[in-house]
Each structure stands twice: as structure tokens, then as C-alpha cells.
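Fold and geometry: a report
Listed below are the residues making up each chain.
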Amino acid sequence: MEKKDARFLCYPFMRESVSSVDYEIRTDSLTTQMGLAASFTKEIPEVYRDLMELLPMAYHLNGSARGKLAITEDGLNRLSEIYDYYVAEVKERIETFVLPQGSTAACILHTCRSEAKKSVRALHKVSTEKDVPAILFDYAHLLANVLFVMAVYVNKQLGVEEIPFISKSYPTKTMKKKTEE
């Protein structure tokens, strides 16, 4: 009887070299962080409700690159409705770049946003190996944006001011105008 290496019995995914495994790990991290964010937003019912709705969708995003496509146009449209709601609520706070800071819940949501962006990059890597439905990219990109506006909304609800980020690398029109004078 052949003796099996114990490392591969515990971690069979380590033998797989396809990028979809890394994508699934990345989206699992995203979903886990979203669950953490939900636990910190129970006092803001609309954010908690929306995160609890989006949690299974993040897992559907996870499996859709390798398994059956579970992200639909209806799901994308619902995500767009959520985005529109939060943008309307924080429009004046997102006219400039802001630092990812504030309340613990907002900081976790900013981490989720970053994880969503990393998931998009991991999905791109998958797309170099096989066809990936465009809706997965659309959903993951929009999810990152939703998580951003949620973070700003949470700060607003908790009375935390946003801190504008003024880039020295990418001057804004205002900065460009001042340097031209």
C-alpha cells in the first residue's frame, strides 16, 4: 500500500495549479471579511441587511468561475440598486478621494473593497486560462464600488468625517490649476 503525503491529504487544493483556485481563495477571503463587516454594522440596519444579502452573492461569485454560473443579470441589477442608494446618501462625501479610515466598521468595509479589487485581478488571471463570463467582472467591480460607498455611509451614520486624500502622483484639476498659475 502506497503511503500518501499527509500535507496533500489535508490540503488537496495545493496540488492544483489553475488560477481559479487562487480566485476562489481570494473571493473566500472577501466573503469572510464581508461577514466580519456585517457583525460590526448591526446598529446600522440597512447596511447590515444589505451585507447579509450580498454574502451569499459573494460566494456565488466565488464558484461561478469554475462551477455553474450563479451570477445573473437580476443579481447585477440588484447590486446596482444598492450602489445607487448609498451613492445618493453620500454623494457630497465622495466628490474627492478619501482615506480608508474612520470607524472600525468602515475600515473593515474598506478592507472588503480592497479584497474585491484583488478578486477582480485574480479573475483576470483566470481569464487568461479560460473563458470567463463578462458578468463576473461587472459584478466584482461593482461590488468593490458598493463596499466603498457603504464604508463612507457607515462613517456618515456614525458621525465620522472623511479625510480627503490629495495625491502627489496624480494631481487633480484644482491642484493642476494652482501649479499652472
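Okay, so let's go over this structure. (Residues numbered from 1 in each chain as written. Predicted model: local features only at pLDDT ≥ 70, side-chain atom pairs only at ≥ 80, totals over all residues. Heavy atoms only, no water.)

Comments concerning the overall build of the chain
Within the chain, the regular secondary structure consists of seven helices and zero strands. Its helices and strands in sequence order give the chain the pattern α-α-α-α-α-α-α, from N to C terminus. A burial count over the chain gives 39% of its 181 residues as buried. Intrachain contacts of the chain at a sequence separation of at least 6 include 80% that bridge at least 24 residues. For the chain, the exposed surface amounts to about 11000 Å²; the carbon and sulfur share of it is 56%. (Helix = DSSP H or I, 4+ residues; strand = E, 2+ residues; numbered from the N terminus. Buried < 20%, exposed > 50% of the residue type's maximum accessible area, 1.4 Å probe, protein only. Contact = heavy atoms within 4.5 Å. Areas by Shrake-Rupley, 256 points an atom, 1.4 Å probe, with all protein chains shown as cover.)

Side note on helix H3 (residues 45-63)
In this model H3 runs 28 Å from its N-terminal to its C-terminal C-alpha over 19 residues, within 8% of the 27 Å that 1.5 Å per residue would give. Within H3, the axis deviates most sharply at Leu-55, by approximately 25°, and proline Pro-56 lies no more than four positions further along. Of all the positions in H3, only Glu-46, Val-47, Asp-50, Leu-51, Leu-54, Leu-55, Met-57, Ala-58, Leu-61 and Asn-62 are classed as buried. (Expected span 1.5 Å × (residues − 1). Bend = angle between axes of the 7 residues up to and from the residue.)

Things to note about the pattern of salt bridges
Under the definition given, this model contains ten salt bridges. The partner of Arg-93 in a salt bridge is Glu-161, and the shortest N-O contact between them spans 3.8 Å. Of this pair, Arg-93 sits in the loop between helix H4 (73-90) and helix H5 (104-127) while Glu-161 sits in the loop between helix H6 (134-157) and helix H7 (173-180), and the two are 68 residues apart along the sequence. Three or more residues are tied together by salt bridges with common partners; here these are Arg-49, Asp-50, Glu-53, Arg-78 and Glu-81. (Salt bridge = Lys/Arg side-chain N within 4 Å of Asp/Glu carboxyl O.)

Concerning the packing of H3 against H6
The geometry of H3 relative to H6 is characterised by a closest axis approach of 12 Å and an angle of 160° between their N-to-C directions. On the basis of their axis angle, the class for H3 and H6 is roughly antiparallel. Considering how the two elements wind past one another, H3 and H6 form a crossing that is left-handed. The segment H3 lies against H6, with Glu-46, Val-47, Asp-50, Leu-51, Leu-54, Met-57 and Leu-61 engaging Leu-136, Tyr-139, Ala-140, Leu-143, Val-146, Leu-147, Met-150, Tyr-153, Val-154 and Gln-157. Its residues assigned to classes, the contact of H3 with H6 shows 14 nonpolar, one polar and two charged. (Axes fitted to C-alpha atoms, helices over the stretch in contact; angles between N-to-C directions. Parallel < 35°, antiparallel > 145°, perpendicular 65-115°, else oblique. Left-handed = near helix turned anticlockwise from the far one by under 90°. Nonpolar A, V, L, I, M, F, W, Y, C, P; charged D, E, K, R; others polar.)

Some remarks on the packing of aromatic side chains
How two aromatic rings sit relative to each other is given by the distance of their centres and the angle of their planes. Applying the stated criterion to the full structure yields three aromatic pairs. Here Tyr-85 and Tyr-86 contribute two aromatic rings whose centre-to-centre distance is 4.9 Å and whose plane-to-plane angle is 85°, an arrangement assigned as edge-to-face. A relative accessible area of 34% means that Tyr-85 is categorised as partly exposed. Here Tyr-86 falls in the buried class, since its relative accessible area comes to 0%. (Phe/Tyr/Trp six-rings, centres within 6.5 Å; stacked < 30°, edge-to-face > 60°.)

Digging into the nonpolar core
Met-34, Leu-51, Leu-54, Tyr-139, Leu-143, Leu-147 and Met-150 are the most contacted members of the largest nonpolar core, which has 49 residues in total. Breaking this core down by element, the ones donating at least two residues are helix H2 (19-39), H3, H4, H5 and H6. Ranked by the residues each element gives to this core, the list is headed by H6, at 16 residues. Among residues more than four places away in sequence, those in contact with Leu-147 are Leu-30, Met-34, Leu-51, Leu-109, Cys-112, Arg-113 and Ala-116. (Core = buried A, V, L, I, M, F, W, Y, C linked by side-chain atoms within 4.5 Å.)

Don't take any of this as a statement about function, it's just geometry.
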